[in-house]
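# Commentary on secondary and tertiary structure
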Amino acid sequence: MIILAADVGGTTCKLGVMNEALEILHKWEIPTNKEEEGRHILRNIHESFARNARLKGYSMEDVKGTGLGIPGPIDFDNGVVNGAINLNWHGRKNIREAYEQLSGKPVFVDNDANVASLGEQVRGAGRGSKDVVCITLGTGVGGGIISNHELVHGYNGSGGELGHFKVDFKERFQCNCGHKGCLETVASATGVVNLAHYYYKELRFSTLIEDDLEAGTLQAKQVFDAAKAGDEFALYIIRKVSNYIAYALSVISVMTNPEYIIIGGGVSKAGDFLIDHIEERYQEMTFSPAAEGTKIVTAQLGNDAGMIGAAALIKQYVK
Ligand SMILES: [Zn+2]
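About the cut-offs
- Each residue is numbered by its place in its chain's sequence as written, counting from 1.
- This being a predicted model, a pLDDT of at least 70 is required before a residue's local features are given, and a value of 80 or more before pairs of side-chain atoms are given or counted; all residues contribute to the totals for chains, interfaces and linings.
- To obtain the side-chain values, all non-hydrogen atoms of the structure were included, while hydrogens and water were left out.
- Metal sites are built from N, O and S donor atoms within 2.8 Å, or 3.2 Å for Na, K and Ca, and they leave out water, so they may look incomplete.
- Angle rules define the geometry names used: all angles between 85 and 135 degrees makes four donors tetrahedral, while opposite donors over 155 degrees apart and all other angles between 65 and 115 make four donors square planar and six octahedral, leaving every other case irregular.
- The cut-offs for exposure are 20% and 50% of the maximum accessible area for each residue type, with area from a 1.4 Å probe on protein chains only; residues under the lower value are buried, those over the upper are exposed, and the others partly exposed.
- A run of H or I in DSSP counts as a helix once it spans at least four residues, and a run of E counts as a strand once it spans at least two, with each numbered from the N terminus.
- Contact criterion: two residues are considered in contact whenever any of their non-hydrogen atoms come within 4.5 Å of each other.
- Multiplying one less than the number of residues by 1.5 Å gives the expected span of a helix.
- Whenever a helix is involved, its axis is fitted only over the stretch in contact; in every case the axis is a line through C-alpha atoms, and angles between N-to-C directions fall within 0 to 180 degrees.
- Angles are sorted into four bins: roughly parallel if under 35 degrees, roughly antiparallel if over 145, roughly perpendicular if 65 to 115, and oblique for all others.
- When the near helix sits turned anticlockwise from the far one by under a right angle, the crossing is termed left-handed; a clockwise turn instead gives a right-handed crossing.
- Only Asp, Glu, Lys and Arg are considered charged in this grouping, and only Ala, Val, Leu, Ile, Met, Phe, Trp, Tyr, Cys and Pro are considered nonpolar; every other residue, Gly among them, is considered polar.
- Throughout the structure description, domain borders are defined by an automatic or database domain assignment.
- Two parts placed together each lose some accessible area under a 1.4 Å probe, and adding up what both lose gives the buried area.
- Should a side-chain nitrogen of Lys or Arg be within 4 Å of a carboxyl oxygen of Asp or Glu, the pair is scored as a salt bridge.
- In this description, a nonpolar core means a group of buried Ala, Val, Leu, Ile, Met, Phe, Trp, Tyr and Cys residues linked to one another through side-chain atoms lying within 4.5 Å.

## Regarding the coordination of the zinc ion
On the protein side, the zinc ion has His 164 (ND1), Cys 175 (SG), Cys 177 (SG) and Cys 182 (SG) as donor atoms, found 2.0 to 2.4 Å from it. Geometry at the zinc ion is tetrahedral, judged from the four donor atoms that bind it and their angles of 102 to 121° at the metal. Taking the relative accessible area as the measure of exposure, Cys 175 reaches 5% and is therefore buried. Under the relative-accessibility criterion, Cys 182 is labelled buried at 4%.

Right, here's the structure in full:
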């Protein structure tokens, strides 16, 4: 049996064909056609899979099911997406039903951050551990919580929305969600820049990143590079960022006590440098029995995490 999976994004859909061990047999990308309220997206995915089956000589009869990762809030039990702005989808759509009609096989749908987390848990940095938390530090901050092998969805599907965890009680920066002080406002790529501007004004440090701060062209990567080069101001910012992340992780740790905390996304490219700072604060802050043996690691699967996790839903739920 084979499993099909699609990680549907605003620009491209990443498609994968996997065996039941979730090893990738084929993978490719197709552009996401957002025209006419994104009504062609699912059919394009289905047709691309059918074409691949003809080309590679496998039968759609051997397909166990299709897993879909979608960038929007999901009612997991019913496969209903409540709007996905990046796909030009508005209102509630039953994606499971729509794709099952196309493919004639079982379908499971989850949010893109959740499937990426599940991918890392089953085949990546989580090494199959039953209790894993993933946090993605990119343009925004996303995440997923896996407790006893299952993704936590919660009552409204908002379980694991780690970006909107309030950590800045001074509420200095506005979040896209409408609130102020969310983790995303101080720990995403934009968040790192937010903090750099804030403290540069307040503390008047002299720093290697002065010109970009003055010109308003600063990017998160420059703050990390300067910190690695020993710049005091940049180090101060990275300690602040790490502190907020560690605080969020310490609270999650007394809730689900993960064995692995996986850090992914563009900001995580700072690698051990960032992890070491987070780890140090995390160990100081966290209830000791909840932190004991917990490993903070970087994500391993890159762009494949989402499709592997989407396929894992089929492996897990289709018997
Ligand atoms: Zn928020």
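## A word on the side chain of Asp 131
Topologically, Asp 131 is positioned in the loop between helix 4 (112–123) and strand 9 (132–137). In this structure Asp 131 comes out as buried when scored by relative accessible area, which is 12%. Every residue in contact with Asp 131, bar those within four places of it in the chain, is listed here: Ile 146, Ser 147, Asn 148, Thr 256, Asn 257, Pro 258, Glu 259 and Tyr 260.

## Observations regarding helix 12 (residues 305–317)
In this model, helix 12 (13 residues) spans 18 Å end to end at C-alpha, consistent with the 18 Å of a helix rising 1.5 Å per residue. Burial within helix 12 is extensive, with 10 of its 13 residues counted as buried. Within the span of helix 12, buried status applies to Ala 305, Gly 306, Met 307, Ile 308, Gly 309, Ala 310, Ala 311, Ala 312, Leu 313 and Ile 314.

## Re the packing of helix 6 (residues 189–203) against helix 9 (residues 232–256)
Taken N-terminus to C-terminus, the directions of helix 6 and helix 9 make an angle of 125°; their axes are 10 Å apart at the nearest point. Our classification of the angle between helix 6 and helix 9 gives oblique. In this structure, the crossing between helix 6 and helix 9 has a hand that is right-handed. Contacts between helix 6 and helix 9 involve Val 192, Leu 195, Ala 196, Tyr 199, Tyr 200 and Leu 203 on the former and, on the latter, Phe 233, Tyr 236, Ile 237, Lys 240, Val 241 and Tyr 244. Split by residue class, the contact of helix 6 with helix 9 holds 11 nonpolar, no polar and one charged.

## Some remarks on the environment of Glu 284
Considering the arrangement of structural elements, one finds Glu 284 in helix 10 (residues 272–285). Relative accessible area serves as the criterion here: at 52%, Glu 284 is assigned to the exposed category.

## What to know about the environment of Gly 104
Relative to the assigned elements, Gly 104 resides in the loop between helix 3 (95–103) and strand 8 (107–111). It is 8.9 Å that separates the C-alpha atoms of Gly 104 and Gly 65, two residues lying 39 residues apart in sequence.

## A look at the domain arrangement of the chain
Considered domain by domain, the chain is made up of domain 1 (2–119 + 303–317) and domain 2 (128–300). Of note, the centres of domain 1 and domain 2, computed from C-alpha atoms alone, are 29 Å apart. Each partner contributes residues to the interface: domain 1 has 11 residues there, and domain 2 has 11 residues. When the buried surface of domain 1 facing domain 2 is broken down by residue, Asn 114, Ser 117 and Leu 118 rank first, second and third, together holding 48% of it. Linking domain 1 to domain 2 there are zero salt bridges.

## What about the nonpolar core?
By size, the foremost hydrophobic cluster in this structure holds 49 residues, and its most contacted members are Leu 137, Leu 183 and Ile 237. Mapped onto this core, the elements with two or more residues apiece are strand 9, strand 10 (141–147), helix 5 (184–187), helix 6, helix 8 (220–228), helix 9, strand 12 (260–264) and helix 10. Of the residues forming this core, the biggest block, 12 residues, is contributed by helix 9. Ile 30, Ile 70, Tyr 99 and Val 107 belong to the second largest nonpolar core, which has 27 residues in total.

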